[in-house]
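Summary of structural features
Chain by chain, the residues run as shown.
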Amino acid sequence: MKFIAIVGTNAKHSYNRMLLHEMQARFDQAQIEVVDIQNIPMFNENHPETDPEPVGQLADAITAADGVIIGCPEYNHSVPSPLKSVIEWLSYRVHPLAEKPVMIVGASIYPQGSSRAQLHLRQILDSPGVNAQVFPGNEFLLGQANQAFDQAGRLQDQGTIDFLTQCFTGFLDFVLMHQQFSKGDA
Amino acid sequence: MLLTAIVGTNADFSYNRLLLQYMQKHFKGLAAIRILEISQLPAFSEDTPADMAVWRFKKAIQLSDGVIFSTPEYDHSIPAALKSAIEWLSYRSDVLKHKPAMVVGTSYGPQASSRAQEHLRQILASPDCDAYTLSGNEILIGNAAKVFVDGNVTDRQVQTELEAYFGNFVKFVDSIAEGEDGMSMHQPYLDDAYITFPTGRLSFREVQQIFSTIPFEIDLIDHNDKFSWFSNKPDREHVRSVREIGETVAECHPPKALPIVMKIIDSFKDGSQDSVSRPLIMHGHRVLIQYFALRDVDGAYLGTIEFTGSVEHILNFYEQGAWSDAASGASQTDSTSGASAHDAPAAEAPADATPKAATDTDSDATSGASQH
C-alpha cells in the first residue's frame, strides 16, 4: 500500500514533518512518501491560467496513491494558509482528493496538539469541492511536540507510539474497506 | 471614524469587493472606509521576513479604528489568501489585538459564505489575533449576481439589514474607544507638579507645551529599542499615532528603512557615534532629520532621540544673504568654538558647557557629512 504524507506547513522547522517521518520509519505495512508544499504558490483562481507544475505533480502522486496522510499544524485556531492553499488547488481544476481516504494527524508545542485546526481540516476535506473520505475518529493530537522526539527524531513515549500505531492500523483497515466498497460499487 | 475593509480574496473579480465598495459609498457619512486588497501580499511563511507590502498592510490596520472582513467561501472555509493575510497580521504582531472587527460576506449561491464566516470568527478569536469581533449581526448576502447591480444593492431587505448592522458596528467601535479613554481617565495623574532641573523649574504643563511649540518634532526610542514617546507638535512631518507607542524599532519602521535605523542605533549603543544627520525632501520641502544618542550624565545609553523639522525658513534666510556680513570673519570664532550663530549668548557660554549637539550640527552643516 502506498500513501502520500503532506507536511501541512511551509516552515523550515516543523514537528508535523518530524511526525510524518516517524510514521514513514515506523510503519512497514505501507510505503509512505513525505511531501513538502513550499514549492506550491498561493492559490489564485485567475493566475496563472493553468495549474502550476508542482500542483500537477502532487495531484498525480495522490491519484496514484492508496491514501493521503496530512500532518496539520495549527495557526490561529485553524489550518495554516499554505495547506489551505494546496487544498484549494486540489479542488479547483483537478480533484485528486475526491473519494480518496485521508488520515489527519497533527502536532503542536502546546497541549492541544492542533485540535482545532484538525476539526477545521475535517470540515474542509468534507466540502463538496474536495469530497475526500476522511478517516473518522482516531484523533492523533501530539501536544508538547518539542518534548516528544529524541535526538534521532523518533517518538519517545511508548503510550504515544501505541496510540499512533492503533490509529494507523485503523486507517489501513479503512483504506481496505474503502477499496473493497469501491470495487463492489463498480 | 476610520475603518479598513479587507477584500477576503486575491481573485480578479469578487462580489465581496463589490460589497465593500458599496459599503464605502453608502456609509460615507458614518465612517471613512479604506478598502485593502490582499493580492499584493506574499504567501505567509514564518521563515519569510515581512516586506513593504506586509508592513503597509499592518500599518493601515493598526491606524484604523476598526476592520471589516469580507470573506468568500472556499471549501467551507476562508480562502487561503485571506488566512495568509491574517497570519501576517498575527505573527509577532498584535495589530488585531482588541481591534473592533466585523465579518461580512457574499456569494453567488444562496449560502453567502456562512461556514467561512463561522471559521473566520473562530480564527479572529484565537489568542494571537484577539480581535473584538462584533457578535451576531451576520451579513450573509446570497445570490450576489442578482443583489449587486451597477454598484448598488437591488434587494431592499439586504440594504436595510446592512444599514442596521453597520450602524451597530459603528456604535460598537465607539463604545470600545470610549472604554479605553474612560479607563485612562481613571488612572492617577499629576496635574500641578514641577520638575526641578539644575537650571530651573518647569511645570508639567510647561514641559508639555514646550515640546509642542519648539519648531521641530521629537521622537524617542528608548534603551529597549521601543518607540516610547513623541512630541505633540502640530503639522508633523512624520505623522505618529499613540497606537504605535511601545512598538519595537522593527515594527515602527518600514523594512527598507530598518537596516539604516538599526545601524544608527547600534553605533549609538557601542559609542562609535553620537549623532547622525539626514537631509531630505518631505512633503515638498527641505527637511533635516537629526538622530542623537541620548545618554545619562555618566554616558550610559538611554535611547535614541530623533529631531525632524523643516529647514526651509533657515535656508530662505541664508539664500537672502542674512549671514553675508557675518561670513567675513565675525562668525569664524563661533564655528571653531562649536557654538551656534547666536553670537552673544554663545560667546558667554563656557566652552565645556556647550552642548555637544551644537558642534555636530555645525560640522554637519559645513561638511554635509554626518559621521562623528
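If you look chain B up in an unreviewed UniProt entry, it shows as NAD(P)H-dependent oxidoreductase from Lacticaseibacillus baoqingensis.

**Considerations on the pairing of strand 2 (residues 32–36) of chain B**
Residue and element names in this part refer to chain B. Examined bridge by bridge, strand 1 (residues 2–7) and strand 2 share five bridges and lie parallel to one another. Paired with Leu3 across the two strands is Ile33, which belongs to strand 2. Remark: the strand 1/helix 1 (residues 15–26)/strand 2 crossover connection has right-handed handedness.

**Considerations on the domain arrangement of chain B**
Residue and element names in this part refer to chain B. As assigned here, chain B comprises domain 1 (2–179) and domain 2 (214–343). Computed over C-alpha atoms only, the centres of domain 1 and domain 2 are separated by 39 Å. Buried surface at the junction of domain 1 and domain 2, both sides included, amounts to about 830 Å², of which 51% is carbon and sulfur. Across the domain 1-domain 2 interface, the total number found is three salt bridges. Of the charged contacts in the structure, one is a salt bridge between Asp65 and Arg243, with a shortest N-O distance of 2.8 Å. Applying the counting criterion to the domain 1 and domain 2 interface returns eight residue pairs in polar contact (both at pLDDT 80 or more). Tallied by class, residues from the side of domain 1 that touches domain 2 come to four nonpolar, two polar and five charged.

**Concerning the interface of chain A and chain B**
Counting residues at the interface gives 30 residues for chain A and 29 residues for chain B. Together, the buried faces of chain A and chain B total about 2,300 Å²; carbon and sulfur atoms form 48% of this surface. Linking chain A to chain B there are 18 residue pairs in polar contact (both at pLDDT 80 or more). For the side of chain A that touches chain B, the elements supplying multiple residues, two or more each, are helix 3 (81–89) and helix 4 (115–125) of chain A.

Calculation notes
- Residues numbered from 1 in each chain as written.
- Chains lettered and ligands numbered in written order.
- Predicted model: local features only at pLDDT ≥ 70, side-chain atom pairs only at ≥ 80, totals over all residues.
- Heavy atoms only, no water.
- Pairing = 2+ DSSP bridges.
- Helix = DSSP H or I, 4+ residues; strand = E, 2+ residues; numbered from the N terminus.
- Right-handed = clockwise from strand over helix to strand, strands pointing away.
- Domains from an automatic or database assignment.
- Buried area = accessible area lost by both parts, 1.4 Å probe.
- Salt bridge = Lys/Arg side-chain N within 4 Å of Asp/Glu carboxyl O.
- Polar contact = N/O pair within 3.5 Å; in protein donor to acceptor, adjacent residues only side chain to side chain.
- Nonpolar A, V, L, I, M, F, W, Y, C, P; charged D, E, K, R; others polar.
- Contact = heavy atoms within 4.5 Å.

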